[in-house]
Amino acid sequence: QSVVTQPPSTSGTPGQRVNISCSGSTSNIGNNFVYWFRHFPGAAPTLLMSRNDLRPSGVPDRFSGSKSGTSAFLVISGLRPEDEADYYCAVWDDRLSGPNWVFGGGTKLTV
Amino acid sequence: QVQLVQSGTEVKKPGASVKVSCKASGYRFTSYGIHWVRKAPGQGLEWMGRINPDNGHTKYIQKFQGRLSMTTDTPSRTAYMELTNLTSDDTAVFYCVRDPSFDYWGQGTLVSVSS
């Protein structure tokens, strides 16, 4: 059970907009940058969003990120069939028991 | 261009150890840390730890303390992840990933543990 929670699945139809959430606490999302990754089974994950809302070069502007309080969000606009993948958030957690990077449990997007 | 190239698939028996390599190119090796992340079947991504190639400092998550070792060899620009006393629960794909933003990932190394 991750300290950062994502919905296990979400779905949309081509052209739609989907919103994937990542919920945490003040020890992680509330005070640190959130990163988002896309993972196609059988391939390596790729960085989709850096530092809450920065798109690495090559990532289409259909993808956007935001953060509010202890939650972060990845929004995919103009959904395409090739967006079907698993999406993960990651954040540094400042917990007193031992600071670590933590990944959300992942959200499977079906298009 | 930045590349992280990992060693190939490993098949191990329970109780054995595995050492996965990750050869970096396209950037100054000692300027960026290396994370190791694993993906077990049916599970999500799990951060295992990080090493600073400049000074060798490591940080591991508690669940791997005592079984996990990360090292680097600067002349060969290679990072290593060794996991000992393997069980079937360690069957996973292991990735090396460049710090600080997890911007470049190795292709992954499948480690299969079975008797």
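See the structure above.
Residues numbered from 1 in each chain as written. Chains lettered and ligands numbered in written order. Predicted model: local features only at pLDDT ≥ 70, side-chain atom pairs only at ≥ 80, totals over all residues. Heavy atoms only, no water.

Novice: So, the sheet that holds strand β2 (residues 18-23) of chain A: which residues are in play, and what are the values?
Specialist: All names here are of chain A. If you trace the three strands from one edge of the open sheet to the other, you get β2-β6-β5, paired in antiparallel fashion. Two strands in the sheet have a free side with no partner beyond their single neighbour: β2 and β5 (63-68). Taken over all neighbouring pairs, the strand axes of this sheet differ in orientation by 20 degrees on average, direction set aside. When β5 meets strand β6 (residues 71-76), the two strands line up antiparallel, connected through six bridges. Across the sheet, residue Phe63 finds its bridge partner in β6, namely Ile76. (Pairing = 2+ DSSP bridges. Helix = DSSP H or I, 4+ residues; strand = E, 2+ residues; numbered from the N terminus. Axes fitted to C-alpha atoms, helices over the stretch in contact; angles between N-to-C directions.)

Novice: Describe in detail the interface of chain A and chain B, supporting the description with residues and values.
Specialist: Counting residues at the interface gives 15 residues for chain A and 19 residues for chain B. Between chain A and chain B, the buried area comes to about 1400 Å², and carbon and sulfur atoms account for 70% of it. The three residues of chain A that bury the most area against chain B are A:Pro45, A:Trp101 and A:Phe103, which together make up 40% of that side's buried surface. Remark: the boundary between chain A and chain B carries zero salt bridges. Linking chain A with chain B are three residue pairs in polar contact (both at pLDDT 80 or more), by the criterion used here. Breaking the side of chain A that touches chain B down by element, the ones donating at least two residues are β3 (34-39), β7 (85-93) and β8 (100-103) of chain A. Residue composition of the side of chain A that touches chain B, by class: eleven nonpolar, four polar and no charged. (Contact = heavy atoms within 4.5 Å. Buried area = accessible area lost by both parts, 1.4 Å probe. Salt bridge = Lys/Arg side-chain N within 4 Å of Asp/Glu carboxyl O. Polar contact = N/O pair within 3.5 Å; in protein donor to acceptor, adjacent residues only side chain to side chain. Nonpolar A, V, L, I, M, F, W, Y, C, P; charged D, E, K, R; others polar.)

Novice: Quick rundown of the layout of surface pockets? Include the residues and the values.
Specialist: Put simply, the second largest pocket is a space of about 190 Å³. Residue lining of the second largest pocket: 16 residues in total, with A:His39, A:Gly42, B:Lys39, B:Val93 and B:Tyr95 positioned closest to the centre. Breaking the lining of the second largest pocket down by element, the ones donating at least two residues are β9 (92-98) and β10 (109-113) of chain B. In terms of residues, the lining of the second largest pocket owes the most to one element, β9(B), which gives three residues. For the lining of the second largest pocket, a count of residues per class yields nine nonpolar, five polar and two charged. (1 Å grid on protein atoms, 1.4 Å probe; cavity = no way out; pocket = protein on both sides within 12 Å on 5 of 7 lines; lining within 4 Å. Points joined across faces, edges and corners; volume = space filled by probe spheres on them.)

Novice: Help me get a handle on the environment of A:Tyr88, residues and values and all.
Specialist: Residue and element names in this part refer to chain A. Its place among the elements puts Tyr88 in strand β7. What makes Tyr88 buried here is its relative accessible area of 3%. Separated by 67 residues in the primary sequence, Tyr88 and Ser21 have C-alpha atoms spaced 9.7 Å apart. (Buried < 20%, exposed > 50% of the residue type's maximum accessible area, 1.4 Å probe, protein only.)

Novice: Just give me the short version of the packing of aromatic side chains, but keep the residues and values in it.
Specialist: Counting across every chain of the model gives eleven aromatic pairs over all chains. Measuring from centroid to centroid gives 5.7 Å for A:Phe37 and B:Phe102, while their planes differ by 75 degrees, and the two rings are edge-to-face. Here A:Phe37, found in strand β3, pairs with B:Phe102, found in the loop between β9 and β10, and the two come from separate chains. Take A:Phe37: its relative accessible area is 0%, and that puts it in the buried class. Its end group placed over the ring of B:Tyr27, B:Arg77 keeps NZ or CZ at 6.0 Å from the ring centre. Sitting over the ring of B:Tyr27, B:Arg98 keeps its end group 4.8 Å from the ring centre. (Phe/Tyr/Trp six-rings, centres within 6.5 Å; stacked < 30°, edge-to-face > 60°. Lys NZ or Arg CZ within 6 Å of the ring centre and 35° of its normal.)

Novice: With reference to specific residues and values, describe the nonpolar core.
Specialist: A:Phe103, B:Trp36 and B:Trp105 are the most contacted members of the largest nonpolar core, which has 41 residues in total. The leading source of residues in this core is β9(B), at five residues. Each residue touching A:Phe103, except ones within four places of it in the same chain, is listed here: A:Ser2, A:Val4, A:Phe37, A:Tyr88, A:Cys89, A:Ala90, B:Val37, B:Leu45, B:Glu46, B:Trp47, B:Phe102 and B:Trp105. A:Cys22, A:Leu79, A:Cys89 and A:Val91 belong to the second-largest nonpolar core, a separate cluster that totals 21 residues. (Core = buried A, V, L, I, M, F, W, Y, C linked by side-chain atoms within 4.5 Å.)

Any functional reading would require information beyond the geometric quantities listed.
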